[in-house]
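Now for the letters of each chain:
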Amino acid sequence: ARTPGPAAAMAQSSTLAAILEKVSSNDKDFRYMATSDLLHELTKDSFRAAPDVEKKVIQVVLKQLDDQSGDVSTLAVRCLPPLISGCSLPNVKSVIDGLLERLCCVDGKDAEIRAKRDAGVIGLKTVIENVTCASHQKSELTAQIVTTLVPRLLTKLTDAIASGEVEKDTGVGGDLAGDALDVLTLTAARHGAYMTGGAVSAGSEGSIKNNDATNGGTSTSTTTPSSACAIKGVSPETALALERALLEYLARSGRQGTRKKAAACLASLGASSSDGFLSRCALAARSAIDRALDGDTNLTASQRDELVGPYASLLGAVAHASGSRFGAFASKSFPRILALTERAHEEGSETLRETCLRTIERFVLSCPGSITEQLPIVVVTSLALMTHDPLYGDDGGGENSDDDGNDDNSAMDDDEEKNGSEYGSEYDASEYSDDGDDDQSWKVRRGAARVLAAVATKAPLSLEPQFVAIVKKLLKRGFQERDEQCRLEVFGALETILRASSAKRHAPAALQSLVSSVSRDIGLAAAKWSTDSVSKKDKEFGVKSSLKIRTAAFHVLTELAVGVPNALSGDNVFGTVCASLASTLIATDGNTNVGAGANTQDAAGTSEVRVAALFFARVAAETANPTETSPHLSVIASPLVHAMSDRYYKTAAEAVRAIEALVPAFVSACEQDADKTYAQIVTALAATLTLLLSELDRDVEVKTASLACAGAVCASLGKFSQEKEIQSLMEGLCDKLGNETSRVQAAKALASVFASAGANESAVALVAPKSAETLVTFLRKADRALRHCSLDALLALVRLGSPASGDSGALLDDALVAQIVENSAACVVDAEPAAAAAALSAASAALRRSEFSPLAAEAARVHTLTAALALCASARSRRGGGSQQSLRHALRSFFGDLVEAQLDGASHAEVREALFSKAEASGTANSRDVGVAVGECVASACLAANAGAIASTSKTLVDDFLADGTSNPTRQKLAMYCLGELGKVGDDADDTVVSPDEFSDTFEKAVRAAFDAHHASLSGDGLTSAAAYALGGFCAGALYRERFLAVTLGGLDGDGADEASADSQRSRYAFLLATRVLIESAGEVDSFFPDDDGTERKKSCPPLTDSDAQAIIAGLRLRAETETEEGARVVLAECLGRLAATRPDALLPELEADVRSGSENSRMDSKQKVVAVLAAKHAVLAVLSSGNAGLITQVTDRLPFFVGKETLQPASPAEVRIAAMRVLSAAAHGLPSIVVDKKNWIETVSPLLFAQTIIDPSLITVVDLGPFKHTVDGGLETRKAAFECVGTVVNAFGSTGTGGAGGHLPGDGTNAEVSNFSDFLGAAPASFPDGVASAIATGVGDHYDVKMLTHALLCKVLKSKLGAEAVGKKLKEIAAAMTKTLTQKMKSDAVKQEIDRNSDLVRSCLKAVVGLTIRLPRDVTETEDFDEFITKVVRSEKVVKQFEEAVAAAGGGGE
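Residues numbered from 1 in each chain as written. Predicted model: local features only at pLDDT ≥ 70, side-chain atom pairs only at ≥ 80, totals over all residues. Heavy atoms only, no water.

Draft legend 1. Summary view of the overall build of the chain. Helices and strands together make up the secondary structure of the chain, namely 67 helices and 8 strands. Every one of the 1455 residues in the chain was classed for burial, and the buried ones make up 56%. Partitioning the intrachain contacts of the chain with sequence separation of at least 6 by distance along the chain shows that 75% fall at a separation of at least 24. If you sum the accessible surface of the chain, you get close to 56,900 Å²; carbon and sulfur atoms cover 50% of it. (Helix = DSSP H or I, 4+ residues; strand = E, 2+ residues; numbered from the N terminus. Buried < 20%, exposed > 50% of the residue type's maximum accessible area, 1.4 Å probe, protein only. Contact = heavy atoms within 4.5 Å. Areas by Shrake-Rupley, 256 points an atom, 1.4 Å probe, with all protein chains shown as cover.)

In structure tokens:
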């Protein structure tokens, strides 16, 4: 609020007093200026007058409303909103009362009465429209306005109804009621929450406490998220009286226009009212329609239409306003609307039919799940009505569906709101009025097309039985429709159907197949629609062409190209479309005639059709095969190139993007261009692009597109254009590097050119030095994108001068390359892996041309080496996705190239020592990631060195290890990781090793020493892991596999040592780690660095042979039978799972046998079962990461055994059940569609899964610890795993049921069982939602960890309608458990960690409460228990602040 100090208020009051004196002047100009000054003062943020002056201002403003000068009264109206906002609440009431007196004026002359009423109506509307509820005080202001005007207006409305005035066409009472209804309708649209008889939270009208007074006079309170200080609107009695008055007015009024306003007012109130209100509105509408259909048979068609039209509109508007909440009443109301649609077949009833169709459309969009059974009837009815044309017969104008026709006749109503109501557009008089044409059948056809579009949007599978017939009917109607707006709706419906059946949007496979079968017909028809030609026969029936029609046709073509693969290929469809595209671009260029029926002066329409055509050209080029596109370039190339120079920026930008997309097609055409026709086009294209780049006044969108297109043209078409034009274009790109706004795009374009083999060599050589000098200055800029683009361009330039490119380094001189390498070294940091990889690659390229560029090579050794050593010592150098893998490759390549360059101080031994020293100095040498990174770089350096480097390095590392003892454990760990990588690289070549037997014995001795318990205790456990990595690496390599595989398998068995000894357990675990390294590395092929000839040296570990794999499997399974350590069992499971991923048919049956075997009471057998079940989890993870469709299918087909009755039955050990649930979690997370594709499995498993969420009292024990007692819950871990699994499965249904990006089983596409209505649990088994709800009811009262999981699960489930219904059945139990959570008291001596945990739990619980109050239907939450929970617990002083924060985080009323 505006509350200045007393001095400021007094000064402002003096100013206002002076203004008020001038207002009473007889001169209208003085009055105007005074009122203008008053408006200026009122709009100041500091406005706050003294109480007496405030009252005078109000009197003056109200008086000015009646001023004879229209200018003065208009200014007075503008004064009302700031005056209302700045004055006190009692005076607000005075303003509203003054306006109401004018609205209700009945005394005086007719002209004076009308003028006063108009002033009152306009004033009230202005106030209502400009008052917001952004704060608590604003909400109080709104409440004051609404509670003041609604009762008065309601009184006038009820008086007119009681006196019968509303039934007359004329009369003062009826006029007064109409004005009151006009204001009420706007108030309901803007502030309807204050008119429903409940409390509204400050700052939000979406949070309401509804007191729904029923016909019996009782009231029930329902609370939704709201502030503790809720603001009351009108009383429940007033709200109920308003509802009754509106319904009675709707039934009795003789004025059709005001009846529609009453319906609009009711619809607006429906958005905020209770379900009881919706029920009564629906009942009143159904009763009126029933009477018209079956009751009064004496009604004429016209009388029937006037009677039921507003009621049909009311049903649709209420459904639109209340959304899915209306679904409970839609099933009863919808059949009446369908029947009314069929009954209203008489001539002159088109308006009623259109109203019914609009209502059907809104039912489909708002609550499709409630009318599922009627949707086939809706489709049939819409198809029949879409051809309703009494003037020419129901089949339309012509019989020839190959003729196209357009239209441009009467302009339609735009369905925009005229009365301020969001839901009131269909109640406007224009929607029912005659537009001058006696034929109103276009309304029916338009409505039918909209209904089909709505069905395609919300329930596309409902179209499947008649999909082809629907499409062909739409195509035929597209040719024959006379009315432009109807024809546009037909195109819109066709576009929506294409979108609903699009493969890219994960449409069901059945729809994808159906749309493919008619794609040719759609393409040819849309191509004809996009031209301005109309057949002579269609012209006789009024079919015309227009720019809007052609624009819509290109939209259809675009959706066809996007959604249907290869839709435009074959049968010369693409040729026809290209001809249409070219003719459109030519016809709409400049002042050329655009068609007989089109408006050539409509520049906006011309630009719109050109943009649509060019956008389609780009999409078609991107989705089509270049070889199919290239034959048609002769038709479309010239118009596209010409369009690039269009002065409208959107047209030019789209043309440039289309050319860029067509570059591959140009390449294909130029390669087969014998007469150089396309070469001339490419030359003209280059000249046009050069001109675009040189124009300074072009829009930034055109400049950006031109730079990208220029890069693509120079990179791929440079060889086919005249050298002069390409050189000019390249120089233009180079010049753009100096422009701060375009240099990033220019750098990207140049990078693509320099890296392309199709670029013009002379043009590249011309700009290379200048570009490099500019780009190198960008490497130290703060702009990250600019640095990356510059690095890419410089890397391509440096590579162009490498020996692999056949160049001796003529492009860039040595000093410039050295400058590039030196500056790029600053980018070699782990924070930007992509930039670091590019910088390292540039240094590698310079090193490979060290013979020609010694300065650059030295710069790489001095500057880049330092940065690379630091990067290697960073623990982040191996973590991450694709960019980190590129960085690893670049690092290894750099060290290999550095050694191969044979620079001073850069031998493989010196490089190894530098890597070791940097890792030790950084303190990161104990990290496995660092050790592996160092090992990879050492192996790369040795591989690039002279013959015998691998063998000598391996021997040196082993000898040093044995000699050091335990004096330097850090270096020993690094040595072991290096040995592991060297073992993988080593092969059976003579120069790789010397005395292999002697080395093998020494290496084995070193490994066993590292495994020794005493040695490990001195050096740390990290040495054991490093030695295991070394042993696994030698097992994976080709040369030593036979030798050390036997050692490893013997170590798994303990080599005969005592099973129980600590030494034996440590040793077995180490050999197990080595086995894991072997399995991970076997078959691995990894590039190290490219040779001078462009080939790549690789480290290759041969795959496991069948005999080796069987030996390993036997050893692992034997170990699983006796292993007692949990960590070892996890590694065993991972090893078996990885092996199963490569040999599922062989190993998975053996794992199934392990699960079946043994006694259920045997502890050791249960451990073996756990290993077998967890192995299935790791098999799933491994095959998903591999992406092999066949292996994925083989593994997932066997999952029902590992997660089924055998593993989840109550008699199974807890460890086995937990393992099984983790298998299901892994599968559902990695491959979400599996829960839908294997629905029967989930249906079988879910009851067993839900059984794990129940608290078992027999597993809870109390341990007496003397002074205190400790409770141990043996089933807690099982329940945690169960809730985690349930949450993952629910997420999986959500990711597949809403068209998300979740994966699908190979070859299955999107399963047709996915719900039409985006209710993701619709694809789940029927009992699944109830099972989840029961689990939630148990979990909200469980342990802290389980509660946290349950709250998150509850929020997910509530997003599904089925889930919300199931949760609603358990609401009482959930509220009771949450009450205990929110009212729990902390101990007086609680530590900070306990306090923080409790705060987290309360926040989590309140977030779930917000979900309950938002997502559950109000008829579910309208219970005394839940209302008490909200009022006394949630809105208590203890947690109300956190609750308000949760509401705000959910968006004030929605998540």
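Draft legend 2. Just the pattern of salt bridges, in detail. Applying the stated criterion to the full structure yields 70 salt bridges. Between Glu858 and Arg861 there is a salt bridge; the shortest N-O distance is 2.6 Å. Here Arg861 and Glu858 lie together in helix α38 (residues 854-872), a separation of 3 residues that amounts to about one turn. Residue Glu858 is classed as partly exposed on the basis of its relative accessible area, which comes to 32%. (Salt bridge = Lys/Arg side-chain N within 4 Å of Asp/Glu carboxyl O.)

Draft legend 3. Here's a closer look at a nonpolar patch on the surface. Taken together, Val1263, Leu1265, Phe1268 and Val1272 make up a surface patch of nonpolar side chains, about 320 Å² in accessible area. Locating Leu1265 in the fold gives a position in the loop between β7 (1260-1264) and β8 (1269-1273). Given a relative accessible area of 42%, Leu1265 falls into the partly exposed group. (Patch = residues over 30% accessible without salt bridge, like charges linked within 9 Å, V, L, I, M, F, W, Y side chains within 5 Å.)

Draft legend 4. Local environment of helix α61 (residues 1344-1357). Taking 1.5 Å of rise per residue, the 14 residues of α61 would be expected to cover 20 Å, and the 20 Å separating its terminal C-alpha atoms lies within 8% of that figure. Looking only at α61, the buried set comprises Tyr1344, Val1346, Lys1347, Thr1350, His1351, Leu1353, Leu1354, Cys1355 and Val1357. (Expected span 1.5 Å × (residues − 1).)

Draft legend 5. Representation of the side chain of His1351 in the model. Mapped onto the elements, His1351 comes out in helix α61. The class for His1351 is buried, based on a relative accessible area of 1%. Those residues in contact with His1351 that sit more than four places away from it in its chain are Val1340, Met1378, Leu1401, Ser1404, Cys1405 and Ala1408.

Draft legend 6. Representation of the side chain of Arg1041 within the structure. Summarising the element assignment, Arg1041 is placed in helix α47 (residues 1041-1052). For Arg1041, which is buried and forms no salt bridge, the nearest opposite charge comes from Asp1108, at a distance of 4.3 Å. Here Cys1035 takes part through its backbone oxygen, which lies 3.0 Å from a polar atom of the side chain of Arg1041. A distance of 2.8 Å separates the side chain of Arg1041 from the backbone oxygen of Ala1036, its partner in a polar contact. (Lys, Arg positive; Asp, Glu negative; His and termini not counted. Polar contact = N/O pair within 3.5 Å; in protein donor to acceptor, adjacent residues only side chain to side chain.)

Draft legend 7. Main features of the nonpolar core. Membership of the largest hydrophobic core comes to 455 residues, with the highest contact counts inside it found for Met730, Phe895 and Phe1293. Contact partners of Met730, with chain neighbours within four places excluded, come to Cys714, Leu750, Val753, Phe754, Ala763, Val764 and Val767. (Core = buried A, V, L, I, M, F, W, Y, C linked by side-chain atoms within 4.5 Å.)

Draft legend 8. Up close: unusual backbone geometry. Unlike most non-glycine residues, Asn566 shows phi in positive territory, near 60 degrees. With phi around 55 degrees, Gln902 is a residue other than glycine that occupies positive phi space.

Draft legend 9. Main features of the packing of helix α34 (residues 761-777) against helix α35 (residues 784-800). It is at 10 Å that the axes of α34 and α35 come closest, and there the two elements cross at 135 degrees. When the axis of α34 is compared with that of α35, the two are oblique. Crossing of α34 over α35 shows left-handed handedness. Note on element contacts: α35 touches α34 through Ser790, Ala793, Leu794, Leu797 and Leu800, opposite Val764, Ala768, Ala772, Leu775 and Val776. (Axes fitted to C-alpha atoms, helices over the stretch in contact; angles between N-to-C directions. Parallel < 35°, antiparallel > 145°, perpendicular 65-115°, else oblique. Left-handed = near helix turned anticlockwise from the far one by under 90°.)

Draft legend 10. Looking closely at the packing of helix α32 (residues 723-736) against α34. Here α32 crosses α34 at 20 degrees, and the two axes come no closer than 9 Å. One element, α32, and the other, α34, form an angle in the roughly parallel class. As for how α32 packs across α34, the hand of that crossing is right-handed. Each of Glu723, Ile726, Gln727, Met730, Glu731, Cys734 and Asp735 in α32 lies in contact with α34, whose residues at this interface are Ser762, Ala763, Val764, Leu766, Val767, Lys770 and Ser771. Within the contact of α32 with α34, the residues separate by chemical class into 7 nonpolar, 3 polar and 4 charged. (Nonpolar A, V, L, I, M, F, W, Y, C, P; charged D, E, K, R; others polar.)

Draft legend 11. Here's a closer look at the environment of Ser1360. For Ser1360, the location among the structural elements is in the loop between α61 and α62 (1361-1369). Residue classification places Ser1360 among the buried positions, given a relative accessible area of 1%. Between the alpha carbons of Ser1360 and Asp1319 there is a distance of 5.3 Å; along the sequence they are 41 residues apart. A distance of 3.2 Å separates the side chain of Ser1360 from the backbone nitrogen of Gly1363, its partner in a polar contact.

Draft legend 12. Seen up close, the confidence of the model for the chain. Of all residues in the chain, 84% have pLDDT values of 70 or greater, and the mean over the chain is 82. Per-residue pLDDT stays below 50 along residues 803-809; that stretch engages in 16 contacts with residues further than four places along the chain or on separate chains. Contacts from residues 1298-1317, a stretch scored under 50 in pLDDT, to residues over four places away or in other chains number 57 contacts. (pLDDT = per-residue confidence, 0-100.)

Draft legend 13. A look at the environment of Lys724. By the element assignment, Lys724 lies in helix α32. Judged by relative accessible area, Lys724 falls into the exposed class, the value being 64%. Each C-alpha atom, one on Lys724 and one on Ala763, is 8.5 Å from the other, the two residues being 39 residues apart in sequence.

Draft legend 14. Local environment of the pairing of β8. Pairing analysis gives 5 bridges linking β7 to β8, with the strands arranged antiparallel. Within the sheet, the bridge partner assigned to Asp1264 lies in β8 and is Lys1269. Hairpin connection of β7 to β8: 4 residues between the antiparallel strands, including Gly1266 at a positive phi of 85 degrees. (Pairing = 2+ DSSP bridges.)

Draft legend 15. Layout of the packing of aromatic side chains. Summed over all chains, the structure comprises 22 aromatic pairs. Between Phe1250 and Phe1328, the ring centres sit 5.5 Å apart and the planes meet at 50 degrees, which makes this aromatic pair tilted. Placement of the pair is Phe1250 in helix α58 (residues 1239-1251) and Phe1328 in helix α60 (residues 1328-1339), with a sequence separation of 78 residues. It is Arg743 that lies over the ring of Phe778; its NZ or CZ is 5.2 Å from the centre. (Phe/Tyr/Trp six-rings, centres within 6.5 Å; stacked < 30°, edge-to-face > 60°. Lys NZ or Arg CZ within 6 Å of the ring centre and 35° of its normal.)

Draft legend 16. A look at helix α13 (residues 327-343). Between its terminal C-alpha atoms α13 stretches 24 Å, which fits the 24 Å expected from 17 residues at 1.5 Å a residue. Helix geometry: α13 is bent most strongly at Ser333, by close to 40 degrees, with proline Pro335 lying one to four residues after it. Among all positions in α13, only Gly327, Phe329, Ala330, Ser333, Phe334, Ile337, Leu338, Leu340 and Thr341 are buried. (Bend = angle between axes of the 7 residues up to and from the residue.)

Draft legend 17. Spotlight on the state of the cysteines. All chains considered together, the criterion is met by 0 disulfides. The thiol of Cys105 is unpaired, and the distance to the nearest cysteine sulfur, on Cys104, comes to 9.1 Å. (Disulfide = S-S within 2.5 Å.)

Draft legend 18. Up close: the environment of Glu373. Of note, Glu373 is situated in the loop between α14 (350-366) and α15 (375-385). Look at Glu373 and you get exposed, because its relative accessible area is 72%. Between the C-alpha atom of Glu373 and that of Ser462, which follows or precedes it by 89 residues, the distance is 9.6 Å.

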